[in-house]
Amino acid sequence: MAMDSAELPEKFRLTEKLSFEAFKSASEIEVARYVFGYWDPEVTIFLSRRRDPDLYKFVENLFYHPLFKSVMISSITLNAIFLVLETDYKVRYESHLFLQVADLIILAIYTTEFLMYLYLDPVNYWKDGYKRFDAAVLLLAYLPYTIDHSNPKRHHVVTMLKGFQALRVLKLLYYSPGITNLMAAMGQTVKNVIYVLVLLFLLMFIFAILGHGLYGDYQHGDPQNWGTLAAAFFTLFSLVTVISLHFTWWSTLLD
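Residues numbered from 1 in each chain as written. Predicted model: local features only at pLDDT ≥ 70, side-chain atom pairs only at ≥ 80, totals over all residues. Heavy atoms only, no water.

Under an unreviewed UniProt entry, the name given to the protein chain is CATSPER3: Cation channel sperm associated 3, and the organism recorded is Crotalus adamanteus. A UniProt comment under Subcellular location (unreviewed entry) is attached to the protein chain, and it reads "Membrane". (UniProt positions renumbered as here; feature names shortened; annotations may be inferred.)

Caption draft 1: Representation of the packing of aromatic side chains. Applying the stated criterion across every chain yields a total of twelve aromatic pairs. Seen from their ring centres, Phe205 and Phe233 are 6.4 Å apart, and the 40° between their planes marks the pair as tilted. Residue Phe205 is located in helix H11 (residues 177-215), and its partner Phe233 is located in helix H13 (residues 229-241); the two are separated by 28 residues in the primary sequence. Residue classification places Phe205 among the partly exposed residues on the basis of a relative accessible area of 33%. Geometrically, the ring pair formed by Tyr215 and Trp226 is tilted, given 5.8 Å between the ring centres and 50° between the ring planes. Placement of Tyr215 in helix H11 and of Trp226 in helix H12 (residues 223-226) is noted, with a sequence separation of eleven residues between them. (Phe/Tyr/Trp six-rings, centres within 6.5 Å; stacked < 30°, edge-to-face > 60°. Helix = DSSP H or I, 4+ residues; strand = E, 2+ residues; numbered from the N terminus. Buried < 20%, exposed > 50% of the residue type's maximum accessible area, 1.4 Å probe, protein only.)

Caption draft 2: Layout of the nonpolar core. Within the largest apolar cluster, 21 residues are counted, with the highest numbers of intra-cluster contacts made by Phe63, Phe68 and Tyr110. Of all elements in the fold, only helix H5 (53-63), helix H6 (66-86), helix H8 (96-120) and helix H9 (129-142) reach the threshold of two or more residues within this core. Element by element, the count of residues in this core is highest for H8, at nine residues. Within the second largest apolar cluster, six residues are counted, among which are Met204, Ala208, Phe233 and Leu236. (Core = buried A, V, L, I, M, F, W, Y, C linked by side-chain atoms within 4.5 Å.)

Caption draft 3: Structural view of the environment of Arg92. Residue position: Arg92 is located in helix H7 (residues 89-94). As a C-alpha pair, Arg92 and Phe82 span ten residues in sequence and 9.7 Å in three-dimensional space. Discounting residues that sit within four places of it in the chain, Arg92 has contacts with Leu85, Glu86, Thr87 and Leu99. (Contact = heavy atoms within 4.5 Å.)

Caption draft 4: Representation of the UniProt feature "transmembrane region" (unreviewed entry) in the protein chain. In the numbering used here, UniProt assigns the "transmembrane region" (unreviewed entry) feature to residues 63-85, 97-120, 193-215 and 227-249. With 91% helix and 0% strand, the stretch residues 63-85 has end C-alpha atoms that lie 30 Å from each other. Taken end to end, residues 97-120 has its terminal C-alpha atoms 35 Å apart, with 100% of it in helix and 0% in strand.

Caption draft 5: Region of the structure containing the confidence of the model for the protein chain. Summary statistics for the protein chain give a mean pLDDT of 76 and a share of 75% for residues scoring 70 or more. Predicted confidence in the protein chain is weakest over helix H2 (residues 20-25), with a mean pLDDT of 43, and strongest over H8, with 91. Taken together, the stretch residues 1-6 has pLDDT below 50 and engages in three contacts with residues farther than four places along the chain or on a different chain. (pLDDT = per-residue confidence, 0-100.)

Caption draft 6: The pattern of salt bridges, seen in detail. In the structure shown here, the tally under the stated rule is five salt bridges. Here Glu60 and Lys57 are joined by a salt bridge, their closest N and O atoms 3.7 Å apart. Of this pair, Glu60 and Lys57 are both found in helix H5, three residues apart, which corresponds to roughly one turn of the helix. For Asp103, the salt bridge goes to Arg168, with nearest N and O atoms at 2.7 Å. Placement of Asp103 in helix H8 and of Arg168 in the loop between helix H10 (155-163) and H11 is noted, with a sequence separation of 65 residues between them. Residue Asp103 shares its accessibility class with Arg168, and that shared class is buried. By sharing partners, the salt bridges in this structure join Glu113, Asp134 and Lys171 into a single network. (Salt bridge = Lys/Arg side-chain N within 4 Å of Asp/Glu carboxyl O.)

Caption draft 7: Up close: the packing of H6 against H8. Running from amino to carboxyl end, H6 crosses H8 at an angle of 145°, the nearest separation of the two axes being 10 Å. As for how H6 packs across H8, the hand of that crossing is left-handed. Contact residues: H6 offers Phe68, Met72, Ser75, Ile76, Leu78, Asn79, Phe82 and Glu86, while H8 offers Phe98, Leu99, Ala102, Ile106, Ile109, Tyr110, Glu113 and Met116. (Axes fitted to C-alpha atoms, helices over the stretch in contact; angles between N-to-C directions. Left-handed = near helix turned anticlockwise from the far one by under 90°.)

What follows is the structure, encoded as structure tokens:
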């Protein structure tokens, strides 16, 4: 017996009213928050027990506002530009104070985003692998400020930690659904790529032994390139990647 639409739960009636275009244009998080409230029932119970609904609503509206997303994307872009500028020793020396202040401002923005997200969803935040990685990168960004920069022995450590700051640019993945989908598709193709590499290794192994048998003779063959299995492997690798032709062409130009 068919159930009347009036007897259906409210969330199912809301689902019927949403068109296919609305689901296609909105993100999964937005659809889930609109129809069901939140992903996990445990999170819903947790949020229903909060004693700060007004503050939570304010932070939620601010966090999911398009302007906040624009600010984050702009900050990530500026961070990438400043990282490029810091690779130039002259610019780093002449604009040291400016770059340091800019880095602190960007770090403060990242920290604010982290605290807001942790405040909104402290239950599921640590369940997401990307969020844990983002928190680790944020913690890593604070380490250079805990080291004495005036100590010459610590200069290499500071430089190394500064190099890891490039990982902060990966925050752009969260704010770009297109890149996220591309990364997911690439992750699904990793298995096939591994199979291709294994097949390539087997083919190179077969032809390396075959080449060693045909051309590895020390009197009438080419022992330098085919005399041993390692040399045969390197020769095949050079032929596959065209490295030998590149070096031959470059040496010809130099001569």
